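Residue-level listing of the chains:
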Amino acid sequence: MLEVEDLHVEFRTRAGTAEAVNGVSFTVDRGETLAVMGESGSGKSVTAQAVMGILDMPPGAITGGSIRFCGRDLLGMSAEERRRVRGEGVSIIFQDALSALNPLFPVGWQIAEMFRVHRGASRSEANKRAVELMDRVHIPDARRRAGDYPHQFSGGMRQRIMIAMAIALDPGVLIADEPTTALDVTVQAQIMELLAELQEELGMALILITHDLGVVADVADRVAVMYGGRVVEYADVFDAYRRPAHPYTKGLLESIPRLDQVGSDLQAIGGTPPSLMDMPLGCAFHPRCHYRRETCVTTPPPMYTVGPERASACHFYQEVLDDHGDR
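The shown structure was predicted, so the numbers you read here are calculated from the model rather than taken from an experiment.

### Considering the pairing of strand β10 (residues 230-236)
- Within β10, 5 of the 7 residues are buried, leaving the element largely enclosed by the surrounding structure.
- Here strand β9 (residues 222-227) pairs with β10 via 6 bridges, running antiparallel. What sits directly across from V225, in β10, is E233.
- Counting the residues that bridge the hairpin from β9 to β10 gives 2 residues, and of these G228 lies at a positive phi of roughly 60 degrees.

### Some thoughts on the sheet that holds strand β3 (residues 33-37)
- Strand order in the open sheet formed by 8 strands is β6-β7-β8-β3-β9-β10-β12-β11, with mixed pairing between adjacent strands. The open sheet has two edge strands with one neighbour each: β6 (90-93) and β11 (304-307). Looking at each pair of strands side by side, their axes are set apart by 25 degrees on average, direction ignored.
- Here 4 bridges tie β3 to β9, and the two strands are oriented parallel to one another. Residue M37 lies in a different strand from β9, and its bridge partner there is V225.
- Contacts from helix α8 (residues 185-202) reach β3, β6, β7 (173-177) and β8 (205-210), with the element oriented near 160 degrees to β8.

### So, empty space enclosed by the protein
- In this structure the tally under the stated criterion is 4 cavities of 30 Å³ or more.
- What the largest cavity holds in volume is close to 80 Å³.
- Lining the largest cavity are 13 residues, and of these P247, C283, C289, C296 and C314 lie nearest its centre.
- Across the lining of the largest cavity, the residue classes tally to 10 nonpolar, 3 polar and no charged.
- There is about 60 Å³ of room inside the second largest cavity.
- Along its surface, the second largest cavity is lined by L2, F26, V36, K44, T47, A48, V51, I175, I207 and I209.

### Focus: the pattern of salt bridges
- Enumeration according to the criterion identifies 15 salt bridges in this entry.
- Note that R242 and D239 form a salt bridge whose closest N and O atoms lie 3.8 Å from each other. A residue pair is termed a helical-turn pair when its members lie 3 or 4 positions apart in one helix, as R242 and D239 do in helix α10 (residues 237-242) at 3 residues.
- One salt bridge in this structure joins R243 and D322, with 3.6 Å as the shortest N-O distance.

### So, the layout of surface pockets
- Here the largest pocket is characterised by a volume of approximately 510 Å³.
- Along its surface, the largest pocket is lined by 22 residues, and R86, F94, E113, M114 and M165 are the ones closest to its centre.
- Sorting elements by how many residues they give to the lining of the largest pocket places helix α4 (residues 107-119) first, with 6 residues.
- Tallied by class, residues from the lining of the largest pocket come to 14 nonpolar, 5 polar and 3 charged.

### Thoughts on α8
- If you check α8, its first and last C-alpha atoms are 26 Å apart, about what 18 residues at 1.5 Å a residue would give, namely 26 Å.
- Taken as a whole, α8 has its buried residues at Q188, I191, M192, L194, L195, L198 and Q199. Angularly, the buried residues of α8 cover 155 degrees about the axis, an arc narrow enough to put them on a single face. Turned more than 90 degrees off the buried face of α8, the exposed positions are V185, T186, E193 and E200.
- The N-capping residue of α8, defined by a side-chain oxygen 3.1 Å from the backbone nitrogen of T186, is D184.

### Some details on the nonpolar core
- With 40 residues, the main nonpolar core has I93, I111, V137, I163, I167, L174 and L195 as its most contacted residues.
- Mapped by element, the contributors of at least two residues to this core are α4, α5 (123-136), α7 (155-167), β7, α8 and β8.
- Considering each element in turn, this core owes the most residues, 8 residues, to α7.
- The residues contacting V137, other than those within four sequence positions of it, are R160, I163, A164, I167, L194 and L198.

### Some points on the packing of α4 against α5
- Where α4 meets α5, the axes come as close as 8 Å, and the angle between the chain directions of the two elements is 115 degrees. When the axes of α4 and α5 are compared, the crossing they make is right-handed. In this structure, α4 uses V107, G108, I111, A112, F115 and R116 to contact α5, whose residues at the interface are A126, N127, R129, A130, L133 and M134.
- Residue composition of the contact of α4 with α5, grouped by class: 8 nonpolar, 2 polar and 2 charged.

### Thoughts on the sheet that holds strand β4 (residues 60-69)
- Taken in spatial order, the 4 strands of this open sheet run β2-β1-β4-β5, and their pairing is antiparallel. Edge strands, defined here as strands with exactly one partner in the open sheet, are β2 (16-28) and β5 (72-73).
- Where β4 lies against β5, 2 bridges are found, and the strand directions are antiparallel. Opposite R68, over in β5, you have D73 as the bridge partner.
- Lying over the sheet, helix α1 (residues 44-52) contacts β1 (2-13), β2 and β4, oriented at roughly 110 degrees with respect to β1.

Reading the values: the criteria
Residues numbered from 1 in each chain as written. Predicted model: local features only at pLDDT ≥ 70, side-chain atom pairs only at ≥ 80, totals over all residues. Heavy atoms only, no water. Buried < 20%, exposed > 50% of the residue type's maximum accessible area, 1.4 Å probe, protein only. Helix = DSSP H or I, 4+ residues; strand = E, 2+ residues; numbered from the N terminus. Pairing = 2+ DSSP bridges. Axes fitted to C-alpha atoms, helices over the stretch in contact; angles between N-to-C directions. Contact = heavy atoms within 4.5 Å. 1 Å grid on protein atoms, 1.4 Å probe; cavity = no way out; pocket = protein on both sides within 12 Å on 5 of 7 lines; lining within 4 Å. Points joined across faces, edges and corners; volume = space filled by probe spheres on them. Nonpolar A, V, L, I, M, F, W, Y, C, P; charged D, E, K, R; others polar. Salt bridge = Lys/Arg side-chain N within 4 Å of Asp/Glu carboxyl O. Expected span 1.5 Å × (residues − 1). Arc of directions from axis to C-beta. Polar contact = N/O pair within 3.5 Å; in protein donor to acceptor, adjacent residues only side chain to side chain. Core = buried A, V, L, I, M, F, W, Y, C linked by side-chain atoms within 4.5 Å. Left-handed = near helix turned anticlockwise from the far one by under 90°.

Encoded structure:
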């Protein structure tokens, strides 16, 4: 459904050029869930914005790579062609629904706008479809609440409204950019259950951007782990969690509290993520890595093939695999 290959995105500012995305590649198929995970600032959301065609340009600029939806080159399309794909082909759920929704218009009007603009529906037909979508995402008393404004809904209900807007035109690919941020655990579970239900119903591909490793383990088929603007590990979720092939993935997994290790200290990744305006030479992770050698400091690692549909950007991936064992 979607293929991103060697994507590069820069932000050109007075302070310098930030390499926010540096050669990202991944694919996602119909009905599949790909989790893109990593720390804040790793380039996850910028990658999503580039796919959607909603980067602020300037200061942002796509300087290389390709993005294909069902074989069609999105970067080569005109603005009007890209607008038609957005919503109908590829859609997005933003992490902050209150900021993403317009506070000046009722939520029903905002959902109905999708049908008026993209499908040429009449106002009455668009409003009817909006209420149906609100029912579909389990908003109680949808007909009455369609006239309410975003501030009149809870955080979980606003996120459901965002989901209704995102699926309005039955997209082939849905990008969920940290859809459970700032929600309590119960509501998080409800939102993820809703996304799984809709994915099965519509057969769409789902790209889940998150730093919640528990959610990834529960819903993802494959993972793309990002660090310093690039994918450093790409694997089946079971393989990545059982035997990570990159020190950063290994560090993330070891930082999760485990019930079988009550009373022991949590492992933490020392240091801080690199500045996108001053990336380290060689491997971007080497200042924080226990496996680093001289090669890591001087030579950027390519994506080594670790196994079928599995890759790692680590010169010493085999050592990482052997060290983690079969846990």
